[in-house]
Amino acid sequence: MISVQNLWFSYEPDDRKRPNPDKKYALRDISLEIDKRPTAIIGQNGAGKTTFVRILKGLLTANRGAVTVMGEDVSRTTAARLARNIGLVFQNPNDQLFKKTVMDEAMFGPLNIGMGEGAARKSVMRALDIMELSDKLDTNPHDLALSDKKLLCIASVMAMDTDIIILDEPTISQDYVGREKVKRVIRLLRDEGKSVMTIIHDMDFVAECFERIIVFNEGEKLLDGGAKEVFSDAEMLKKAHLEPPYALQLAISMGLGEVCLTEADVIRCMMEA
Amino acid sequence: MKKVIVENLKYRYPAMKQLALDEISFEVEEGEKIGVIGRNSSGKSTLCQALVGLTPHFYKGTYGGRVIVDGLEIKHATVSEAALKVGIVFQNPFTQVTGAKLTVYEEVAFGLENMGLSRAEMIEKVDRALHLLNIYPFRNQNPFSLSGGQMQRMAIAGIIAMRPSIIVLDEPTSQLDPQGTEEVFSAMDELSAEGMTVVIVEHKMEKVAQYCDKILVMKDGKRAAFDTPAKVFSRDDLSELGVCAPVYTNICKALGKKEGAYYPVTLAGAARVLGARR
Amino acid sequence: MKSLSLYVERDSFIHRVDPITKLFYIFAAIIVPFVMKDLTVSIVCAAVSLILLAVGKVLRNAITVFACLFLIMITIFLIQALANINNATVVFSISGIHFYAEGMINGVKIIMRMTDMVAAFLILILTTKPSDLVEDLIRAGFSPRIGYVIMSIFQIVPHMAGAIDVITDAQRARGVETKGSLPVRIKAFLPLLGPVVLNSFMNTKERAMALEVRAFDAKNKKSFLNEAVNFRHAMAYRVLFVLLAVSAVAWRAGGVLL
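For clarity, every value in this text was computed on a predicted model and none was experimentally measured.

When its secondary structure is counted, chain B shows twelve helices and ten strands. Here the C-alpha radius of gyration of chain B, 19 Å, is about what a compact globule of 278 residues would show, namely 19 Å. Dimensions along the principal axes, computed over C-alpha positions, put chain B at roughly 55 × 50 × 35 Å. Relative to its 278 residues, chain B shows a buried fraction of 62%. Within chain B, residue pairs in contact and separated by at least 24 positions form 62% of the contacts whose partners lie at least 6 positions apart.

See the structure below:
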């Protein structure tokens, strides 16, 4: 669905006359293919995760390398056209919200990519229902709590019904209940055959919802594989300044032989023993 | 010595029917670390504002009861007076930037300038705060050029540089990676060992359980529980309170393994109770 | 991030002069040529200000500003040369249009005064950090609140410009075309202004709280992280500038009386 070949990106502009040799690259030589598996990108703050997804979305342009989304070359199209295929929930909800009511905010994307009024309304109401925001249609998004703003951002992108959805830190400031809502949405989207990607710091959440994990470190792709494979590579995780999910940490410190990623895994493993 | 005394605190926002804070009472000893947990809009942020006087001085509305912080009754002090005793780190670090300083270093020193400290004292305190929060390398950058996580660290540094006897943090690690979160909690640990009292709102239960001496659970503006992490997380009615225990506690609960009267709440505790096997 | 400040970092004598003394200079540089009304005085004052810019190693940076003023200056000169009320002596004519001596002299006088005034302000603006000026004013008893407002303009205006980029991205991300022909771009840009201005207003209350929780209104005297620019002969220069202004006024008043 997405193909990335030898991608390089720097925030420092090249001098027009001579290329800047000591330019710092935010992303270095990234190559990967995104398929339908729910995929989490993990890594330290500043590892290049957000930069990477902004390139996929067409909001930033790569210096070198090729990116295609659903067969379309990102460098030959505009972010507006890409929006039909790929949705991005921004990290900071305050950067994404700009309409006066919850309803207008959620309708904005679907109407812009050419969904009919009726279809858009149906899609929006479904998304807002899932997020339990349908009783706040006339509220100004800026009056919502931060956690609800984030859920509104997710609903607004979900309503656009794109084949690919990227969630940048979807669980920010969510409480237990909000976290469960986000989990439900991710599973729902997966079941509908959409490709879901996320950037996230909550490793237990990753273990519960995502099959594939890509580890970024200082602008490079460090690891790419199944959740069990990645989380059991202690050395690489340490290099990326990450730690395994809490459940796995417990399993490791008890010396359980199996790679138990979640609470349920550990409990099952202990019961069997 | 009691550093925070909250007595029957009641507060209602203007034009709201429900009380945001409903008869809240609790006391905190010097150097204690208190974790505040609960569902969103259960009153955690409002409580933080009340502890530093933003409620009722900035947020008008119906106010009742007392908040006494380091001997100062908040209702009768200005926010600036209270700020010398109790510091607050807002949920959104962006709103904490003063917007009048061109570098991170100057931004962190802002409170110290208002306190009228000497230049030498300022430099010592700002340096320490920047090192403690690991943002010393960014000291010459423009505050608005920082990432969310760096801004969060700067906001904390700006408050701890002022050395208040109490610090209130409203979800200070929401934009930080696991290592950054750990660094903030261990910085708080270090400061509390020096006698600073810490009140921290946080959704990461494993960290709260590991670092906090007591936990205050808020529900619908009320105090639903106020006790040690082991006692709070051992309760059977957590889901009714809208909170979830740490992963370690949940596993021990499912397996029925207690340590004494309560379930363990930390990695070490859980490993001890469940027993290592090879 | 872009900054609104025009400060140019250089090592020069002028940079080491404290901001308040520079304000005194501006005061004298405006008063003297205006009250003396003499062409030579205007030329001398303009020359002094330009020389000071050169000493401050910022003459090049000042040229851009003067380039912008050039058109206005030419216009003033032509209007004066052709249409001053006192015009009597024709100096030369170009295809029937007469240029008069009185007007040309007056035109040069006005241009010199403008040059002097603009250069005097540029000395302050180009060689002084805004924060140094504001902090010095607060030390001299100016309200810290007004000082904050001045400083925040330097930060918050560029930040609002940044906010436009942020919202543009939010719109592009959800299918708004912001690239292409001018009408397309204008159509995408106009709706942005509302939210940007609105957001910055909503931040005002939060900003006020941010200041208070950092003890902005504490009763004690403020101190400053940055040391005041310590200029040894500040007082002598300030007195000199006041004396110059006062004697110009006195000379003029004397002239009128006689």
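Within helix H11 (residues 246-253) of chain A, six of the eight residues are buried, leaving the element largely enclosed by the surrounding structure. Looking at H11(A), one finds that the buried residues are Tyr246(A), Ala247(A), Leu248(A), Gln249(A), Leu250(A) and Ala251(A). Contacts from the buried residues of H11(A) go to helix H8 (203-209), helix H9 (227-231) and helix H12 (263-272) of chain A together with helix H8 (205-211), helix H11 (247-255) and helix H12 (267-274) of chain B. Looking at the residues trailing H11(A), positive phi occurs at Gly255(A), about 75°.

Residue and element names in this part refer to chain A. Strand order in this open sheet of six strands is S6-S7-S8-S3-S9-S10, and the pairing throughout is mixed. Here the strands that pair on one side only, and so sit at the sheet edges, are strand S6 (86-89) and strand S10 (220-226). Each neighbouring strand pair of the sheet contributes to a mean axis angle of 15°, computed without reference to strand direction. Along the sheet, helix H1 (residues 49-56) makes contact with strand S3 (39-42), S6, strand S7 (164-168), strand S8 (195-199) and strand S9 (212-217), crossing S8 at roughly 145°. The strands that helix H6 (residues 146-158) touches are S6 and S7; relative to S6, the one it contacts most, it runs at about 175°.

Let us now look at the pattern of salt bridges. Throughout the structure, instances matching the rule amount to 49 salt bridges over all chains. The residue Glu180(A) makes a salt bridge to Lys183(A) at a minimum N-O spacing of 3.1 Å. Of this pair, Glu180(A) and Lys183(A) are both found in helix H7 (residues 176-191), three residues apart, which corresponds to roughly one turn of the helix. Taking the relative accessible area as the measure of exposure, Glu180(A) reaches 27% and is therefore partly exposed. The closest approach of N and O atoms between Asp220(B) and Lys219(B), which form a salt bridge, is 3.9 Å.

Here we come to the interface of chain C and chain A. With 14 residues of chain C at the contact, the number on the chain A side is 21 residues. Of the roughly 1,600 Å² buried between chain C and chain A on both sides combined, carbon and sulfur atoms contribute 59%. Summed over the shared surface of chain C and chain A, the result is six residue pairs in polar contact (both at pLDDT 80 or more). Counting only elements with at least two residues in the side of chain C that touches chain A, the list comes to helix H7 (144-173) and helix H8 (182-212) of chain C. At seven residues, H7(C) tops the list of elements feeding residues into the side of chain C that touches chain A. Each residue belonging to the side of chain C that touches chain A can be placed in one class, and the counts come to seven nonpolar, three polar and four charged.

Take the side chain of Glu113(B) next. On the secondary structure map, Glu113(B) appears in helix H4 (residues 104-115). From its side chain, Glu113(B) meets the backbone nitrogen of Leu225(C) in a polar contact 2.8 Å long. Dropping the residues within four chain positions of it, Glu113(B) is found in contact with Lys101(B), Met122(B), Glu135(C), Lys222(C), Ser223(C), Phe224(C), Leu225(C) and Asn226(C).

Let us now look at unusual backbone geometry. Pro56(B) follows Thr55(B) through a cis peptide bond whose omega is 10°. One can find Pro56(B) in helix H2 (residues 54-57). One non-glycine residue, Ser173(A), lies in the positive phi region at around 55°. Examined against the element boundaries, Ser173(A) turns out to sit in the loop between S7 and H7. Judged by relative accessible area, Ser173(A) falls into the buried class, the value being 5%.

We now examine the environment of Ala250(C). You can see Ala250(C) is positioned in helix H9 (residues 234-257). Once the C-alpha coordinates of Ala250(C) and Val35(C) are considered, the two residues, 215 residues apart in sequence, prove to be 9.5 Å apart.

Further remarks concern the sheet that holds strand S2 (residues 21-29) of chain B. Picture the strands of a sheet paired through backbone hydrogen bonds; they go either parallel or antiparallel. All names here are of chain B. The sheet built from four strands is open, its strands ordered S2-S1-S4-S5 with antiparallel pairing. Among the strands making up the open sheet, the edge pair consists of S2 and strand S5 (72-73). Summarising the sheet, strand S1 (residues 2-12) and strand S4 (residues 62-69) pair through seven bridges and their orientation is antiparallel. By the bridge assignment for S4, Arg12 is matched with Thr62.

Next up on the list: the domain arrangement of chain C. Residues and elements named next belong to chain C. For chain C, the assigned domains are domain 1 (1-128 + 230-258) and domain 2 (130-226). The partner domain 2 presents eleven residues to the twelve residues of domain 1 that form the contact. Summed over both partners, the interface of domain 1 with domain 2 comes to about 880 Å²; 79% of that surface belongs to carbon and sulfur atoms. Seen at the junction of domain 1 and domain 2, the total is zero salt bridges. Run the count over domain 1 and domain 2 and you get zero residue pairs in polar contact (both at pLDDT 80 or more).

Let us now look at the interface of chain B and chain C. Taken together, the contact between chain B and chain C spans 41 residues of the former and 32 residues of the latter. Summed over both sides, the interface of chain B with chain C buries roughly 3,300 Å², with 59% coming from carbon and sulfur. Taken together, the connections running from chain B to chain C amount to four salt bridges. Glu135(C) is the partner of Lys101(B) in a salt bridge, and the nearest nitrogen-oxygen pair spans 3.7 Å. Where chain B touches chain C, the interface holds 16 residue pairs in polar contact (both at pLDDT 80 or more). Counting only elements with at least two residues in the side of chain B that touches chain C, the list comes to helix H3 (79-83), H4, helix H5 (119-132) and helix H6 (148-160) of chain B.

This next bit is on the packing of H6(B) against helix H7 (residues 178-193) of chain B. Residues and elements named next belong to chain B. H7 packs onto H6 with a crossing angle of 10° between their chain directions and a minimal axis gap of 12 Å. In terms of orientation, H6 and H7 fall into the roughly parallel class. Of the residues in H7, those in contact with Arg153, Ile156 and Ile160 of H6 are Gly180, Glu183, Val184, Met188 and Leu191. A breakdown of the residues in the contact of H6 with H7 according to their chemical character gives five nonpolar, one polar and two charged.

All names here are of chain C. On the surface, Phe13, Ile51, Val55, Tyr237, Leu240 and Leu244 cluster together to form a nonpolar patch covering roughly 510 Å² of accessible area. Broken down by secondary-structure element, the contributors of at least two residues to the nonpolar patch are helix H3 (39-55) and H9. Per-element tally for the nonpolar patch: the top contributor is H9, with three residues. Looking at where Phe13 falls in the secondary structure, it is placed in helix H1 (residues 13-16).

All names here are of chain B. Under the domain assignment, chain B is made up of domain 1 (1-85 + 166-181 + 191-232), domain 2 (97-163) and domain 3 (246-278). Each of domain 1 and domain 3 has a C-alpha centre, and these two points are 29 Å apart. For the pair domain 1 and domain 3, the summed buried area comes to about 560 Å², and 75% of that belongs to carbon and sulfur atoms. The interface formed by domain 1 and domain 3 includes zero salt bridges.

Procedures and definitions
- Residues numbered from 1 in each chain as written.
- Chains lettered and ligands numbered in written order.
- Predicted model: local features only at pLDDT ≥ 70, side-chain atom pairs only at ≥ 80, totals over all residues.
- Heavy atoms only, no water.
- Helix = DSSP H or I, 4+ residues; strand = E, 2+ residues; numbered from the N terminus.
- Rg over C-alpha atoms; globule rule 2.2 N^0.38 Å.
- Buried < 20%, exposed > 50% of the residue type's maximum accessible area, 1.4 Å probe, protein only.
- Contact = heavy atoms within 4.5 Å.
- Pairing = 2+ DSSP bridges.
- Axes fitted to C-alpha atoms, helices over the stretch in contact; angles between N-to-C directions.
- Salt bridge = Lys/Arg side-chain N within 4 Å of Asp/Glu carboxyl O.
- Buried area = accessible area lost by both parts, 1.4 Å probe.
- Polar contact = N/O pair within 3.5 Å; in protein donor to acceptor, adjacent residues only side chain to side chain.
- Nonpolar A, V, L, I, M, F, W, Y, C, P; charged D, E, K, R; others polar.
- Domains from an automatic or database assignment.
- Parallel < 35°, antiparallel > 145°, perpendicular 65-115°, else oblique.
- Patch = residues over 30% accessible without salt bridge, like charges linked within 9 Å, V, L, I, M, F, W, Y side chains within 5 Å.
- Areas by Shrake-Rupley, 256 points an atom, 1.4 Å probe, with all protein chains shown as cover.

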